[in-house]
Amino acid sequence: MTIAVLPAALLTMAQKPLYKDAGQPVEKRVTDLLQRMTLEEKVAQMCQYVGPGHIRETQQRFKGKKVAKNDDAYGFYPNLSINDLYKMTEEGKVGSFLHVVTAEEANQLQELAMKSRLQIPLIIGIDAIHGNALVSGTTVYPTPIGQAASFDTELVERLSRESALEVRATGAHWTFTPNIDVARDARWGRTGETFGEDPYLVTRMGVATIKGYQGEDCQGSDVALACGKHLIAGSEPSNGTNAAPMDVSERTLREVYLPPYKAAVEEAKVFTLMAAHNELNGVPCHADKWMMTDIMRDEYGFDGFIVSDWMDVERIHDLHKVAPNLKEAYRETVAAGLDMHMHGPGFMEGVIELVKEGKLAEAQVDRACRAILEAKFKLGLFENPFVDLKKTRKTLFCKEHKATALEAAEKSIVLLKNEGLLPLDFSKYKNILVTGPNADNHTVLGDWTLQQPDENVVTILDGICQAAGKEKVTYYNYGDDVRQDSPEKVKEASELAKKADLAIVVVGENPLRYQKTKTCGENVDRMSIDLLGTQELLVKEIHKTGVPTIVVLVGGRPLSVNWIAQNVPALVQAWEPGSFAGTAVANILTGKVNPSAKLPISIPRHAGQIQMIYNHKPSQYFHKYKDGASTPLYAFGYGLSYTTFAYSNLKLSGNKVSSKDSFTASVELTNIGKSEGTEIVQLYIRDDYSYATRPVKELKDFMRVTLKPGEKRTVEFTISPDKLAYYNRAMEYGVEPGTFTIMVGSSSMDKDLQKAKIEIIK
Ligand code: BGC
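In short, a report on the structure.

The rules behind the values
- Residues numbered from 1 in each chain as written.
- Predicted model: local features only at pLDDT ≥ 70, side-chain atom pairs only at ≥ 80, totals over all residues.
- Heavy atoms only, no water.
- Helix = DSSP H or I, 4+ residues; strand = E, 2+ residues; numbered from the N terminus.
- Rg over C-alpha atoms; globule rule 2.2 N^0.38 Å.
- Buried < 20%, exposed > 50% of the residue type's maximum accessible area, 1.4 Å probe, protein only.
- Contact = heavy atoms within 4.5 Å.
- Areas by Shrake-Rupley, 256 points an atom, 1.4 Å probe, with all protein chains shown as cover.
- Lys, Arg positive; Asp, Glu negative; His and termini not counted.
- Charge placed at Lys NZ, Arg CZ, Asp CG, Glu CD.
- Near = heavy atom within 4 Å.
- Polar contact = N/O pair within 3.5 Å; in protein donor to acceptor, adjacent residues only side chain to side chain.
- Pairing = 2+ DSSP bridges.
- Right-handed = clockwise from strand over helix to strand, strands pointing away.
- Salt bridge = Lys/Arg side-chain N within 4 Å of Asp/Glu carboxyl O.
- Axes fitted to C-alpha atoms, helices over the stretch in contact; angles between N-to-C directions.
- Expected span 1.5 Å × (residues − 1).
- Phe/Tyr/Trp six-rings, centres within 6.5 Å; stacked < 30°, edge-to-face > 60°.
- Arc of directions from axis to C-beta.

1. Observations concerning the overall build of the protein chain
The helix and strand inventory of the protein chain stands at 23 helices and 26 strands. Relative to the 2.2 N^0.38 estimate, which gives 27 Å for 762 residues, the radius of gyration of the protein chain is 27 Å and therefore close to what a compact globule would have. With 762 residues in all, the protein chain has 64% of them scored as buried. In the protein chain, of all internal contacts separated by at least 6 residues, the share reaching a separation of at least 24 is 78%. Total accessible area computed for the protein chain in this model is approximately 28,300 Å², and 50% of it derives from carbon and sulfur atoms. Here the protein chain contributes 89 positively and 97 negatively charged side chains, and the mean placements of these two sets differ by 2 Å.

So this is what it looks like as structure tokens:
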């Protein structure tokens, strides 16, 4: 039933409608509002536009230039002025904005929305991927790959909760995170935005992120909606290029790519999902009913809303060439289960026409609109859509958030190699050379960051100067461009190295999306995973002088730094540690903080080894490469500490267990070194014989354990039947009787694992 359309002024004069009564349950409010809405108003809720500030900025940037459609900076609408967009907002023709980067702009847009007939507030989304870093002056936490290296779900939940506060403080309510794609190709520029290669680790990190953002039930003004993305399998793109086609079996989807989504929906109750740029098995993901409706909604019970990715609805027509025109693309995507269109004009008119022509069921529109309205009610936007600017100032980059950002950075840095040079006692050195393209700039902040104030960023050089004393540090400015070939600069740096008694060389990648010199991040894919330009030469020449050399790697993707790994005495994988990168790196180098992080992704020796994963099938290396090793340079789960942990006495609670029962595995862990440290104890399993092939091992649990020197602890894991279950040849999920190998230890490498067998009976 649709009631008569009343203008806004009359509506406020009339008796307060039920949907405006905060005392009523959300469901009733949604139903009440929905029945007051015209078809046009309902479809409008499904429409998202980029913020006027963003439009202005991209218009400036592209002034007079032709913008290619595949340029993702295509953040403006050629035939729509900002004033048109304001007017549409006032008329209730916009349901959502993305990339509104100031609280003032968010308030201005909400004011316009409050003039619309039904006064439905806007929901504003942003890519707050590791903090609300697209907004200036916010706390920048390590990128997800570094977060995953901490194996610390409590920390990730906490930093996500803080990020939600920073999102809300700038007028947004929804973040397009977590990226729960399982990363399987290091050439792919988005690797740093993922939680790595392992489905279980990605799942646990994804759940922690969603819980952190959404709180108990997405309720109130302190939480933000999360978004599980991207459906699906775009993280193993053919040839490594973003959005390239994927051809994946249902087995691989269900074993590798879907588990994080299943948990996001069933366990963490993620409110939104995003479809992927890529096609899957011949179907553009934005038109994939099987994925969006049959699996997500019908099988997993998802009842939030699904948003499209940037321009991808249009690409069903103009890239994938599946829909012969845009209107057909709109039809396909809504019919397949998509609820909100990111971004731009055309969609609203198209969908309205399709419903009127009987080509799309209005029920599809109602479903979408209902979920979007539910979110707006839950987030408290009908009560107050505005943000208090005083709160903004108090929340962003506040003391508590800064402390978490530093802790997260320290827990994310992986010590890859140490031949006794570390931990450093800076008092022993008189002249410390610091150089390299990542030593003194914002590349440590990672992708999905816009310019942050210099004073909010501790560069690695800053951190070393603070820890060692500025007077001892010689900084050689190698330049910021990681791609540059500068043999002269290498020469100058190595001349300085001759006079130094320690060299710290900071090399890697540039993930900064606002710089032309970027080499990783979204849409920045590579053919090789070697260090670019003369960076390796820089390390070689400095090392050749005989000065003790430490290499620090910055960037989101694993790099095949073979020569460095073989030759320099100390190597640190810093990833993209965020606002306090320098403090964290210095604390790790000096041992003020004992490194604890482990690799959430294998580091290949060569791009030709891709896909390089620890949880491969048994036949993967039946025949070895003839021109190099078949092992990674560094394996998943590996990472050093300044102390030593010994594992002993792996015991299982039985040697025969029913497939319906849980059992435990316990191991004794002793700190046999000289300093306190934290070990990440890892549990892997292998199904010894199975009807369909199984990986050689799979991570099934992990635990962070802190021990003082000499301290011993028994660490126990409970292995429930779901940890042993798999899809058999008939794609039935369950536990197959037989023996399993249970492995516990410090990395995924066999030499680091204690093993025991158990027989699973019917
Ligand atoms: C990315 C998404 C992101 C969106 C909005 C797209 O290009 O693939 O992950 O959320 O842009 O910024």
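2. Side note on the site of the ligand
The immediate surroundings of the ligand are formed by 15 residues, with Asp127, Arg190, His230, Asp309 and Glu522 found nearest. Lys229 places a side-chain nitrogen or oxygen 2.7 Å from an oxygen atom of the ligand. Side-chain polar atom of Glu522 to an oxygen atom of the ligand: 2.5 Å apart, as the coordinates give it. Bound to the protein, the ligand loses 98% of the 310 Å² it would expose on its own.

3. Here's the deal with the pairing of strand β15 (residues 549-554)
Burial runs high along β15: six of the six residues are buried. Residues Thr549, Val551 and Leu553 line one face of β15 and the alternating positions Ile550, Val552 and Val554 line the opposite face, and both faces are buried. Pairing of strand β14 (residues 502-508) with β15 involves six bridges; the strand directions are parallel. Note that in β15 the partner of Val505 across the bridge is Val551. Note that the unit made of β14, helix α21 (residues 535-544) and β15 has a crossover that is right-handed. In this sheet, strand β16 (residues 570-575) lies alongside β15 in parallel orientation, the contact comprising five bridges. Paired with Leu553 across the strands is Gln573, a residue of β16. Regarding the hand of the β-α-β motif, the stretch spanning β15, helix α22 (residues 562-567) and β16 is right-handed.

4. Digging into the side chain of Lys700
Relative to the helices and strands, Lys700 resides in strand β21 (residues 698-707). In this structure Lys700 is buried but unpaired, with Glu698 as the nearest side chain of opposite charge at 4.2 Å. Leaving out residues up to four positions away in the same chain, Lys700 has contacts with Tyr200, Leu683, Tyr684, Ile685 and Lys723.

5. A look at the sheet that holds strand β4 (residues 174-175)
What the five strands build is an open sheet, ordered β4-β3-β2-β1-β10; its pairing is parallel. The open sheet has two edge strands with one neighbour each: β4 and β10 (341-342). Of the pairings in the sheet, the one linking strand β3 (residues 123-126) to β4 comprises two bridges and is parallel in character. Bridge pairing links Ile126 to Thr175 in β4.

6. Quick word on the side chain of His286
In this fold, His286 is placed in the loop between β8 (283-284) and α12 (289-299). Here the side chain of His286 touches Asp309 through a polar contact of 2.8 Å, landing on its backbone nitrogen. Among residues more than four places away in sequence, those in contact with His286 are Ala275, Ala276, His277, Met292, Ser308, Asp309, Asp312, Val313, Ile316, Thr333, Ala336 and Leu338.

7. Things to note about the sheet that holds β15
Strand order in the open sheet made by the six strands is β11-β16-β15-β14-β12-β13, with mixed pairing throughout. This sheet does not close on itself; its edge strands, each paired only once, are β11 (414-418) and β13 (473-476). Each neighbouring strand pair of the sheet contributes to a mean axis angle of 20 degrees, computed without reference to strand direction.

8. As for the environment of Ala375
Mapped onto the fold, Ala375 is located in helix α16 (residues 362-378). C-alpha separation for the pair Ala375 and Gly304, spaced 71 residues apart in sequence, amounts to 8.2 Å. When residues no more than four places from it in sequence are discounted, the contact partners of Ala375 are Ile123, Leu225, Phe271 and Phe305.

9. A few points about α16
With 17 residues, α16 should reach 24 Å at 1.5 Å per residue; the first-to-last C-alpha distance of 24 Å fits that figure. Buried-residue contacts for α16 involve α2 (26-36), α3 (39-45), β3, β9 (305-307), α14 (326-336) and α15 (347-356).

10. Quick look at the packing of aromatic side chains
Inspection of the entire model under this criterion finds 15 aromatic pairs. Relative to Tyr77, the ring of Tyr49 has its centre 5.5 Å away and its plane inclined at 85 degrees; by these criteria the two rings are edge-to-face. Of the two residues, Tyr49 sits in strand β1 (residues 47-50) while Tyr77 sits in the loop between α4 (52-61) and α5 (82-90), which places them 28 residues apart along the sequence. The class for Tyr49 is buried, based on a relative accessible area of 3%.

11. Examining helix α20 (residues 487-499)
Given a rise of 1.5 Å per residue, 13 residues ought to cover 18 Å, and the 19 Å separating the end C-alpha atoms of α20 matches this to within 8%. Every buried residue belonging to α20 is among Val490, Ala493, Ser494 and Ala497, and all of these are buried. All buried residues of α20 lie within an arc of 100 degrees about the axis, which places them on one face of the element. Facing away from the buried surface of α20 by more than 90 degrees, the exposed residues are Lys491, Lys498 and Lys499. Contacts from the buried residues of α20 go to β12 (432-435), β13 and α21.

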